[in-house]
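Read off the chains here:
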Amino acid sequence: MESAVQVHAIVDEGLGNSCYLLDLGDGSALVVDPPRDLRAVLARARGENLRIRFAADTHLHADFLSGAVQLAHDQGATVLASAAGRRAFAHRGLRDGDQVDLGGLTVTALATTGHTDEHLSFLVADSDRAVGVFTGGSLIVGSAARPDLLGPDRTDELARAQYASLRRLAALPGPTAVWPTHGAGSFCSAPPGAERTSTIAHELATNPLLAAPDEQTFVAALLGSLGSHPGYFHLLGERNRQGPAVLDSSATGPLAPLPASLVAGLRSSGAVVVDVRPVAAYASGHLPGSVSIALRDQFASWLGWVVPAGAKIVVVRDGDQDVADVVWKALEIGVETIIGELDGGVDAWAAAGHPLARTRLVDAADVDTDGHIVDVRQTVEYTAGHVPAAQHVELGSVVEQAADLAGDMTRVPTVVVCGHGERAATAASLLERAGQQDVGIVIGGPWDWAQAHGRPLATGVDRPSAAAT
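To keep things clear, this report deals only with the structure shown in the data block. This structure is a prediction, so every number in the text was calculated from the model and none was measured.

Within the protein one finds 15 helices and 24 strands. Radius of gyration (C-alpha) of the protein: 23 Å, near the 23 Å computed for a compact globule of 469 residues. For the protein, the C-alpha atoms occupy an extent of roughly 70 × 50 × 40 Å along the three principal directions. Relative to its 469 residues, the protein shows a buried fraction of 55%. Of the roughly 18,600 Å² that the protein leaves accessible, carbon and sulfur atoms contribute 52%. Here the protein contributes 33 positively and 54 negatively charged side chains, and the mean placements of these two sets differ by 3 Å.

Here's what the structure looks like:
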């Protein structure tokens, strides 16, 4: 007999995460792993006529700030979380095996350490029958989340804990739904793919980590799959333990309009200008030294990755871009230093007599393999296929590698390539900010080049890579 339990997933495509709204059947809901940007969560709750009564965090998140404290403040929600996390705010601390009666449904806390050392999964039962399990960063679709966020001295230990946790979850009944937080696109590590939920039976049949014959094989496979991650991941766990500051959502979003004269002074004193306009608009004219991070799903990750922590930020945007999206995406990863936006945009800057810089755009079909090509995609993307002779420098490493790149960049023309153009624009802006000249942004990606030239892409690593650490 099918369960009447209703679970609504709210997916953040940019951070690669899902949070879940569990209908408790009495007009109230449990929300699992809510982000600090609660706009989509609250809209879904309103659409389902649900009041949020509980907010549960599976672990101390490294990739976003939790919205649980905000829900406790705004909605009176009871926060459920691991007692081992020693959170510094009011919550109901749970240990392995503890149960919470939700009124017809029961949640049992399962200790599933590995991604973090206080990680819990939440098993939902309806009339003593397991319905589904919120697995957070333990068992995810096709894999398990990374165990290296607490430092290299803990990585092997946590990888082995992840092995035990996955085996524990795999012992649940086959039809049990698996509702992970991390999914494709998350730097907490997940394989590519469209599916964000699964079942225990499906994972047993398809997840290669569950097919590992022993612990050592599992550990080798898990650690071998890890890519780079942003530095801010090492900051947010503690901020989540302390509890993010409660925000006045009615006043969050607008930015102070800053005149060009003030922005000029702020730049001179070290503020970073972040240009969120589309690539073509940025290339046609931008403030010298500004950092291009196009406003799209992935905006937050790259903002936190390439702009120094704590730096004062001034935003440049087009009038049709929603400034609230800029602010909330920044807040979600703990960036609270945006001090305003350039009033009137680049037109006002130019009208005030300040210079504009321009960056050339290069169609993928026109990329010359005799020139200098820098590919700034993640390692897994580069090795899957790249323009022959392209040098690999992950976008997250461009700033630290800028000096080493200088020698190569004496070869002209130098162009930067990614998958479409947005990351290439960010990299080009960082190189220009470091003093490099004549850097082109490739519009399109390696596959566009291959199609235009009828040539195969190179695979593997054919030049030393500079991956982010």
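More follows now that the structure is in view.
Before going further, it helps to examine the sheet that holds strand E13 (residues 177-180). Pairing in this open sheet of six strands is mixed, and the strands run E7-E8-E9-E10-E13-E14 from one edge to the other. Two strands close off the open sheet at either side, each with one partner strand: strand E7 (99-101) and strand E14 (198-199). Judged from the five bridges that link them, strand E9 (residues 120-126) and strand E10 (residues 129-136) form a sheet pairing that is antiparallel. Pairing of Ala-125 across the sheet is with Ala-130, part of E10. Against the sheet, helix H3 (residues 152-170) touches strand E8 (105-111), E9 and E10, its axis set at about 150 degrees to E8.

Summed over the entire model, instances satisfying the criterion amount to seven aromatic pairs. Geometrically, the ring pair formed by Tyr-20 and Phe-134 is tilted, given 5.5 Å between the ring centres and 50 degrees between the ring planes. Of this pair, Tyr-20 sits in strand E2 (residues 17-23) while Phe-134 is found in strand E10, placing the two residues 114 residues apart along the sequence. Both residues of the pair, Tyr-20 and Phe-134, belong to the buried class. Residues Tyr-232 and Phe-233 carry aromatic rings whose centres are separated by 5.3 Å and whose planes lie at 75 degrees to one another, so their mutual orientation is edge-to-face.

Of all hydrophobic cores here, the largest spans 56 residues; its most connected members are Val-274, Ile-293, Leu-303, Val-306 and Val-307. Sorting elements by how many residues they give to this core places helix H10 (residues 323-332) first, with seven residues. Residues within four places of Val-306 in sequence aside, it is in contact with Val-291, Ile-293, Leu-395, Thr-426 and Leu-430. Core analysis: the next-biggest nonpolar cluster, separate from the first, contains 22 residues, Val-32, Leu-80, Leu-120 and Val-124 among them.

Moving on, we get to the packing of H3 against helix H5 (residues 215-224). Packed helices, taken two at a time, are described by the angle between their axes plus the distance between the axes. The contact between H3 and H5 brings their axes to 9 Å, and the two run at 115 degrees. It follows from the interaxial angle that H3 and H5 lie roughly perpendicular. In this structure, H3 crosses over H5, and the sense of that crossing is right-handed. Facing Thr-155, Asp-156, Ala-159, Arg-160, Gln-162, Tyr-163 and Leu-166 of H3, the residues of H5 in contact are Glu-215, Gln-216, Phe-218, Val-219, Leu-222 and Leu-223. Taken together, the residues that form the contact of H3 with H5 break down as seven nonpolar, three polar and three charged.

Here E13 shows a buried face lined by Ala-177 and Trp-179 and a second buried face lined by Val-178 and Pro-180. Pairing analysis gives four bridges linking E10 to E13, with the strands arranged parallel. Directly across from Gly-132, in E13, lies its bridge partner Ala-177. Examined bridge by bridge, E13 and E14 share two bridges and lie antiparallel to one another. Residue pairing across strands places Val-178 opposite Ser-198, the latter belonging to E14.

By secondary structure assignment, the location of Thr-369 is in the loop between strand E20 (361-363) and strand E21 (372-375). As a C-alpha pair, Thr-369 and Val-417 span 48 residues in sequence and 12 Å in three-dimensional space. Every residue in contact with Thr-369, bar those within four places of it in the chain, is listed here: Val-387, Pro-388, Trp-449 and Arg-455.

Looking at the secondary structure, you find Asp-148 in the loop between strand E12 (143-144) and H3. Look at Asp-148 and you get buried, because its relative accessible area is 15%. In terms of polar contacts, Asp-148 uses its side chain to reach the side chain of Arg-146, at 2.7 Å. Setting aside its immediate chain neighbours within four residues, Asp-148 contacts Thr-155, Leu-226 and His-229.

Parameters and conventions
- Residues numbered from 1 in each chain as written.
- Predicted model: local features only at pLDDT ≥ 70, side-chain atom pairs only at ≥ 80, totals over all residues.
- Heavy atoms only, no water.
- Helix = DSSP H or I, 4+ residues; strand = E, 2+ residues; numbered from the N terminus.
- Rg over C-alpha atoms; globule rule 2.2 N^0.38 Å.
- Buried < 20%, exposed > 50% of the residue type's maximum accessible area, 1.4 Å probe, protein only.
- Areas by Shrake-Rupley, 256 points an atom, 1.4 Å probe, with all protein chains shown as cover.
- Lys, Arg positive; Asp, Glu negative; His and termini not counted.
- Charge placed at Lys NZ, Arg CZ, Asp CG, Glu CD.
- Pairing = 2+ DSSP bridges.
- Contact = heavy atoms within 4.5 Å.
- Axes fitted to C-alpha atoms, helices over the stretch in contact; angles between N-to-C directions.
- Phe/Tyr/Trp six-rings, centres within 6.5 Å; stacked < 30°, edge-to-face > 60°.
- Core = buried A, V, L, I, M, F, W, Y, C linked by side-chain atoms within 4.5 Å.
- Parallel < 35°, antiparallel > 145°, perpendicular 65-115°, else oblique.
- Left-handed = near helix turned anticlockwise from the far one by under 90°.
- Nonpolar A, V, L, I, M, F, W, Y, C, P; charged D, E, K, R; others polar.
- Polar contact = N/O pair within 3.5 Å; in protein donor to acceptor, adjacent residues only side chain to side chain.

Read these as layout, nothing more, since geometry by itself doesn't imply function.
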